[in-house]
Amino acid sequence: MQDSTNESPLSQEERERIRLKRLERLQATGNAGQSQDTVSQSPTPVAKPSSSTPAASSPLPVVAALASSTLPATPKPIPAAASSTTSSRASTPQTPKQPALTFEAWQNEALSRILLVSLKPDAPEPLLYLVNLAEELKAENEPLLISQASLDRVLVERLSVDPNDEANASLLLRGQLQFTIFDYLLDCWKRLETVKIQTSRSRTLPSDVVGQRVKTLDESKKLFVSYAGLVLQMPDMFPQMQSSLVLGAAQLTERLLSNPDTPSKVPTEFIKDLALRFKDDGLVDIIQPVISGISAKARQATILTDWRTPISVLISLTEIPEVAAAITEVATWNPTNATARQIEIVSALGPFFKTSGFCTDDPSVAELFGTGMQRNKADTGGAFASLRGALRGLHDSLFQVVNGVVRSQPQAKERMLDYFSSVLIKNERRAQMHVDRATVSGDGFIYNMTEVLLKFCNPFMDSQHSKVDKISQSYFKGKSRLDISKETRICAPKEVVDAYASEVSSLQGHNFITEMFFLTLGFHHIGISRLFVDYKRFMRDFYEVRDQYDRLKTQAAAGRSTPQNDVLIKQYETQLEKMVTFRLSLESQILDPLVLGHSFQYYNLVMTWLLRMVDPAKSYPRGPMTLPLPQKPSDDFAILPEYIVEDIIEFFLFVLRYSPETLVASTLDELISFSMVFLVTTGYIKNPHLKAKLVEVLFYMTLPYRGVPNDDRLGIKLNTHPLALKHLVPALMNFYVEVENTGRHSQFYDKFNIRYNISQILKFVWTNPIHRDMVKAESKRSESFVRFANLLMNDTTYLLDEGLSKLTEIHEIEVEMDDKARWESQTPQHRQEREGILRTAQRQASSYIALGNETVNMLSYLTVEIKEPFLTAEIVDRLATMLDYNLVILVGEKMSTLKVKNPDEYRFQPRILLSDIISIYLHLDCPTFIAALARDDRSYSAGIFHKACRILEGRQLKSPDEIAKLMRLVHKVDEVRQKGAEDEEELGDIPEDFLDPLLFSLMEDPVLLPSSNIAIDRSTIKSHLLSDGTDPFNRAPLKIEDVIENTELRDRIQAWKASRRANKGQQPEATSAMEVDG
């Protein structure tokens, strides 16, 4: 058999002359390109566009989808699974036979059917007779056969046939020229692939024949692809049928978007061949209009419509490395001038990430959740499942796209990271408390990006945090993809921040793990974290509107409605219906267990990374965390943006409140370690508000799981974690004192909420002997614990006083409203004002009394084990006075003013409160405390105690033994009071310079204040300094160590007392603390 290479080929000059002749008929002017030695060496077409041909960098932007022609009478490919008869026959090896056709004849027949052309006039339809080329070959004494050697000439001749020429009208009518050049070449490629499959599967031909034929087909295919690519870049390179169809690279788009089962679909293998051929020769120009077309399709889609088609096309493109890399080079990849709002529309990937499940982005999502203020639970659950399923599919698809780009080439990966960084920086305003939503990207756009980034973090978010050491600790040194120049830092002053930013990192760029870690951190900050904050703010508004609506409905039901109220009711109903839909839309995504689980894993990694950063050994989590930490943190830690810590805390607060099941399966080791380290270590987090939030996280852990009583599956971890067992109690007690002055304008009220949380945690762990022993150990540190006890007592005094006074106010208004006739006679304005006062008092009473209950309860259980700090001179008198005062309120003449209609609404439980107060009396029953009670001339009354005993006995709040013990205590107090009265009578009038200037009582241990030079009793100034570190007379800073012993005045006082007693004929008594037998 003769090989085509044995034929006498045309000379280089002859080939060039023939090609130029063809092109001369095609175009007015033409440029002959430099051809290679053989066609097999380079499949690049030699035809070049004229000077009037548009440049390759300016492809036409629209698509034309045309039906594909098929090869007539082409045998079908052999099926993958043959019938039993076929398989039986195939099981017996067949002896290869020589082909019936020579290689030249086979080439001619195969290429003729692939190209649908012939060099013979008697060719059957639909083969097109190339008469001009046939005449030329005859003149050159060449055989009228189509071969690999002549394929370039044949193809140029076929493509040069002008469908607009009247001479070719019959061909157009017969359907041979009705397709665009690109469609024709694509169909040639498809027919060639069919022939190649049939040839390669042949069982009757020798392997060398099969190989020779397949090689010829592969070389031919390269030529088809080359011409197809050139036509996509220069659609007027050859004559095309005049029509409204837009030609060029945009022709690919509609074919790519068409149904995979239709003939018009572009095979992926063709795109691969095209990408390989034009990788460095105009692929970007081909791809750009394709991406624009697919993006336009995605821009029109919603999560409820066909978003899958455009993104599936994008996935198929990004699976081809050359195409994926080229996508990042298109002009719309990362438009620098686009605003935050525009980038989700005009950037190449923006429309795909923009597909949203939030009503704020896409109002059509509301259709999923129905209408009305009350929604069917089953329907809502179905809507949740449907929307979450669609979004998870979207996130998986987006990840495939980004992953394809990242893996295509290093430069494409960098451009992908730059795109994420650009979106992040443009949207920095999203992190602000109040922002114009029209100036930033939508929630769905940022939410989707965050989920994709989390998928990239997944490989290094393992439970062992095995790759945490791969994350750079000096990412912000020098230049980084995150701009934190305007952010508040964890604890670094400005000069440290400026110096750090000017340093140049020794690293040449950061690894991919580091980049993904920090980008995810930034997107959480502007995305999910803000959604959590927005949700909590929205829920407050929602409940407020609902309460207003319920109040108006109640008035209407009672017949007290007005036309104005009826209008308001309708408005509230409309508003609530919209708010319910918005709420469901938000909850369907931010409460998705899968989404929360991803963020939980991620924040565990962030906490581990932070702990490793402050660990002196830099070994955490492989080694244990040891405390205390060095006094000063590293600059790498100090300059970090404060929002890192804040976002961690906000995430766990949100999850503990709204989705605690997310945490149940975890040991919470990272969270507890993180909390202990930064609560114990002062100076590492300078914002006390953040530390207060950490305490709040621990408080929510102690609450019953899902509201089920005694289900402490989360809080129990505080009773088992080693760091918690050692550091929880000291940290809480120190912070209890620290929050007295937070530096915020709302610090006075903030401290009560913070201390309530602390009291609840201490109450929860008090049953654990290890924690109880830690409390006892802290009480031995007299100075710090006395300050703690003082503040505890101050809070109790204020909270109970405010709470009980608010109950009195509520009682008065309720009595006023119960007098129907008088109430209805009042003006509407008066009634409205009183109702407003009532609502305010109800809200405040609930808060104050709840806090007051806990502080009294804490005093009750602490004084069981710890007594000495509460009996110090600076504490004991005030404690006794506070207890006596509240006992009078609870059981005295004013107790009737505390009766309100719904006491449980305000958490007012007078019996429990009375019992706790009496318990404190019994726990502190000792001479020092008895003497302090005896000195209380303002509130102490034996009659009040007797009345309290009757209530205790009647309500069975205390045992008979406890009541008897209380009566004995009262008897002792009365004895001391009688003795004190006698002593006071002996002393008579006290000289003014012997009186304490604040309490106006006789000083026992006078000291001199250094700045104001005023004498005051030591116990008085110590008590004052527990709450205020200044001189009470001139506000100068003062410490107890600064006071000066005033021995001269003390000696004068003692001499005066001795003199007074001597005058009465009595011996001087010791001035030490009075002792009374128990």
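If you look the protein chain up in an unreviewed UniProt entry, it shows as RING-type E3 ubiquitin transferase from Lunasporangiospora selenospora. The UniProt entry for the protein chain carries the following text under Pathway (unreviewed entry): "Protein modification; protein ubiquitination." Comment text from UniProt for the protein chain, heading Sequence similarities (unreviewed entry), reads "Belongs to the ubiquitin conjugation factor E4 family."

Any chance you could explain the overall build of the protein chain here in plain terms?
Helices and strands together make up the secondary structure of the protein chain, namely 41 helices and 5 strands. Scored against the burial criterion, the 1078 residues of the protein chain give a buried share of 52%. Carbon and sulfur atoms form 51% of the exposed surface of the protein chain, whose accessible area is close to 49,700 Å².

What should I look at first to understand the side chain of T681 in this one?
Inspection of the secondary structure assignment puts T681 in the loop between α27 (669-680) and α28 (688-702). For T681, a relative accessible area of 8% gives the class buried. There is a polar contact of 2.7 Å between the side chain of T681 and the backbone oxygen of V677. Look past the residues within four positions of T681 in its chain and what remains in contact with it is L627, L629 and K691.

Explanation requested: unusual backbone geometry in the structure shown.
What is expected of a backbone is that most residues other than glycine have negative phi and most peptide bonds are trans. Cis geometry is adopted by the peptide bond preceding P126, which originates at E125 and carries an omega value of 5°. Within the secondary structure, P126 is located in the loop between β1 (117-118) and β2 (128-129). Along the chain, Y620 connects to P621 via a cis peptide bond; the corresponding omega equals 10°. Although it is not a glycine, N1013 adopts a positive phi angle of roughly 60°. You can see N1013 is positioned in the loop between β3 (1006-1008) and β4 (1015-1017).

Even after reading the chapter, I still don't get the nonpolar core, so can you show me in this structure?
Side chains that are nonpolar tend, in soluble globular proteins, to be buried together. Counting 298 residues, the largest nonpolar core has L252, F270, F652, F678, L807, Y921 and F929 as its most contacted members. When neighbours within four sequence positions are excluded, F270 is seen to be in contact with F182, L186, W189, V225 and A228.

Sorry if this is basic, but what is going on with helix α36 (residues 910-923) here?
Turn by turn, an α-helix covers 3.6 residues, leaving residues three or four places apart pointing in a common direction. Between its terminal C-alpha atoms α36 stretches 20 Å, which fits the 20 Å expected from 14 residues at 1.5 Å a residue. Within α36, 10 of the 14 residues are buried, which leaves the element mostly enclosed by the surrounding structure. Along α36, the residues that are buried comprise L913, L914, S915, D916, I917, I918, S919, I920, Y921 and L922.

Would you take a moment to explain the packing of aromatic side chains for this structure?
Centre-to-centre distance and the angle between the planes together describe a pair of aromatic rings. Tallied over the full model, the rule gives 47 aromatic pairs. An angle of 80° between the planes, with centres 5.9 Å apart, marks the rings of F600 and F652 as edge-to-face. Here F600, found in helix α23 (residues 593-614), pairs with F652, found in helix α25 (residues 643-658); they are 52 residues apart in sequence, far enough to count as distant. For F600, a relative accessible area of 9% translates into the label buried. Assessed through its relative accessible area of 0%, F652 is described here as buried. Residues F674 and F678 carry aromatic rings whose centres are separated by 4.9 Å and whose planes lie at 65° to one another, so their mutual orientation is edge-to-face. Within this pair, F674 and its partner F678 are both found in helix α27, separated by 4 residues, close to a single helical turn.

I'm lost on the sheet that holds β4 in this one. Help?
In sheet architecture, strand pairing relies on hydrogen bonds along the backbone and comes in two forms, parallel and antiparallel. Pairing within the open sheet is antiparallel, and its 3 strands lie in the order β4-β3-β5. Both outer strands of the open sheet, β4 and β5 (1044-1045), are each paired with one neighbouring strand and no more. Across 3 bridges, the pairing between β3 and β4 is antiparallel. Counterpart to P1006 in the pairing with β4 is D1017. Along the sheet, helix α40 (residues 1018-1027) makes contact with β3, β4 and β5, crossing β4 at roughly 85°.

Is there a simple way to think about the packing of helix α7 (residues 181-200) against helix α8 (residues 207-233) in this case?
Helix packing geometry: the angle between the two helix axes and the distance between the axes. At a minimum axis distance of 9 Å, the contact between α7 and α8 shows a crossing angle of 165°. The pairing of α7 with α8 is recorded here as roughly antiparallel in orientation. Of the two possible hands of crossing, α7 and α8 adopt the one that is left-handed. Its residues assigned to classes, the contact of α7 with α8 shows 16 nonpolar, 3 polar and 5 charged.

How should a negative patch on the surface be read in this particular structure?
A cluster of acidic residues, D541, E544, D547 and D550, forms a negative patch at the surface. Mapped onto the secondary structure, D550 falls in helix α21 (residues 528-557).

Is there a simple way to explain the pattern of salt bridges in this structure?
For side chains of opposite charge, pairing can occur when their charged atoms come near one another. Within the structure shown, the criterion is met by 49 salt bridges. One salt bridge connects E329 with R415, and the closest N-O pair in it is separated by 3.9 Å. Linking E329 in the loop between α13 (321-327) and α14 (340-346) with R415 in helix α17 (residues 410-426), this pair joins segments that are 86 residues apart in sequence. When the shortest N-O distance is used, the salt bridge between E738 and K691 registers 3.7 Å. Taken together, the positions of E738 in helix α29 (residues 722-738) and K691 in helix α28 put the pair 47 residues apart, joining distant regions of the chain. Via salt bridges that share partners, R430, R437, D443, D534 and R537 belong to a single interconnected network.

Mind showing me how you'd approach the environment of P263 here?
Relative to the helices and strands, P263 resides in the loop between α9 (251-257) and α10 (268-278). Measuring from C-alpha to C-alpha, the distance between P263 and K190 comes to 9.9 Å, with 73 residues separating the pair along the chain.

Help me understand the confidence of the model for the protein chain in this model?
It should be kept in mind that the predicted coordinates are not to be read in detail where pLDDT is low. On average, residues of the protein chain score 85 in pLDDT, and 88% of them reach the 70 mark or higher. The low-confidence segment residues 1-10, where pLDDT is below 50, has 19 contacts with residues more than four positions distant or belonging to other chains. A low-confidence stretch, residues 1066-1078 stays under pLDDT 50, and its non-local contacts, those more than four residues away or across chains, total 17 contacts.

Even after reading the chapter, I still don't get a nonpolar patch on the surface, so can you show me in this structure?
On the surface, L998, L999 and F1033 cluster together into a nonpolar patch covering about 270 Å² of accessible area. Its location among the elements puts F1033 in the loop between α40 and β5.

Honestly, the side chain of T302 in this entry has me stumped. Any pointers?
Position of T302 relative to the elements: it lies in the loop between α11 (283-300) and α12 (308-318). Those residues in contact with T302 that lie beyond four places of it in its chain are W307, T355, D362 and S364.

What am I meant to see in the packing of α29 against helix α30 (residues 747-765) here?
Between α29 and α30, the least distance of the axes is 10 Å, while the angle of their chain directions is 155°. By the criterion of interaxial angle, the relationship of α29 to α30 is roughly antiparallel. In this structure, α29 meets α30 at a crossing whose hand is left-handed. Each of L728, V729, L732, F735, Y736 and V737 in α29 lies in contact with α30, whose residues at this interface are I754, R755, I758, I761, L762 and V765. When its residues are assigned to classes, the contact of α29 with α30 shows 11 nonpolar, no polar and 1 charged.

I tried to follow the environment of E802 on my own but got confused; where do I start?
Looking at where E802 falls in the secondary structure, it is placed in helix α32 (residues 782-818). Given the relative accessible area of 22%, E802 is considered partly exposed.

About the thresholds
- Sequence positions are assigned chain by chain, starting from 1 and proceeding in written order.
- In keeping with the predicted nature of the model, local features appear solely for residues at pLDDT of at least 70, side-chain atom pairs appear and are counted solely at 80 or more, and the whole-chain, interface and lining totals rest on all residues.
- Where side-chain values are given, they derive from all heavy atoms of the structure, hydrogens and water being excluded.
- UniProt positions are given in the numbering used here, feature names are shortened, and annotations may be inferred rather than shown by experiment.
- In this description a helix means any DSSP run of H or I spanning at least four residues, a strand means any run of E spanning at least two, and both kinds are numbered starting from the N terminus.
- We call a residue buried when its accessible area falls under 20% of the maximum for its residue type, exposed when it is over 50%, and partly exposed in between, using a 1.4 Å probe and counting protein chains only.
- The protein chains shown are the only cover counted for residues, whose accessible areas, like all others here, come from Shrake-Rupley with a 1.4 Å probe.
- In protein, a polar contact means a hydrogen-donor-capable atom and an acceptor-capable atom, both N or O and within 3.5 Å, with residues adjacent in sequence counting only if both atoms are side-chain atoms; elsewhere, any N or O pair within 3.5 Å suffices.
- Residue contacts follow a heavy-atom distance rule, with two residues in contact if any of their heavy atoms lie within 4.5 Å.
- Throughout this description, the term nonpolar core refers to a set of buried Ala, Val, Leu, Ile, Met, Phe, Trp, Tyr and Cys residues connected via side-chain atoms within 4.5 Å.
- The length a helix should cover is 1.5 Å for every residue beyond the first.
- Stacked, tilted and edge-to-face pairs are distinguished by plane angle, under 30 degrees for stacked and over 60 for edge-to-face with tilted covering the rest, among Phe, Tyr and Trp rings (Trp via its six-membered ring) whose centres lie within 6.5 Å.
- We call two strands paired when DSSP finds no fewer than two bridges between them.
- In this description, a line fitted to the C-alpha atoms serves as the axis of each element, helices being fitted only across the stretch in contact, and the angle between N-to-C directions of two axes falls anywhere from 0 to 180 degrees.
- Roughly parallel refers to an angle under 35 degrees, roughly antiparallel to one over 145, roughly perpendicular to one between 65 and 115, and oblique to any angle outside these ranges.
- Each helix crossing is assigned a hand: it is left-handed if the near helix lies turned anticlockwise from the far helix by less than a right angle, otherwise right-handed if that turn is clockwise.
- Charged means Asp, Glu, Lys or Arg here, nonpolar means Ala, Val, Leu, Ile, Met, Phe, Trp, Tyr, Cys or Pro, and polar covers whatever is left, Gly included.
- In this scheme, patches are assembled from residues that exceed 30% relative accessible area and form no salt bridge. Like charges are connected within 9 Å, while nonpolar side chains (Val, Leu, Ile, Met, Phe, Trp, Tyr) are connected within 5 Å.
- Within this document, salt bridges are pairs made up of a side-chain nitrogen of Lys or Arg and a carboxyl oxygen of Asp or Glu, the two lying within 4 Å of each other.
- Just so you know, the count uses Lys and Arg for positive and Asp and Glu for negative, and it drops His and the chain ends.
- Think of each charge as sitting on NZ of Lys, CZ of Arg, CG of Asp or CD of Glu.
- The predictor rates its confidence in each residue with pLDDT, a number between 0 and 100.

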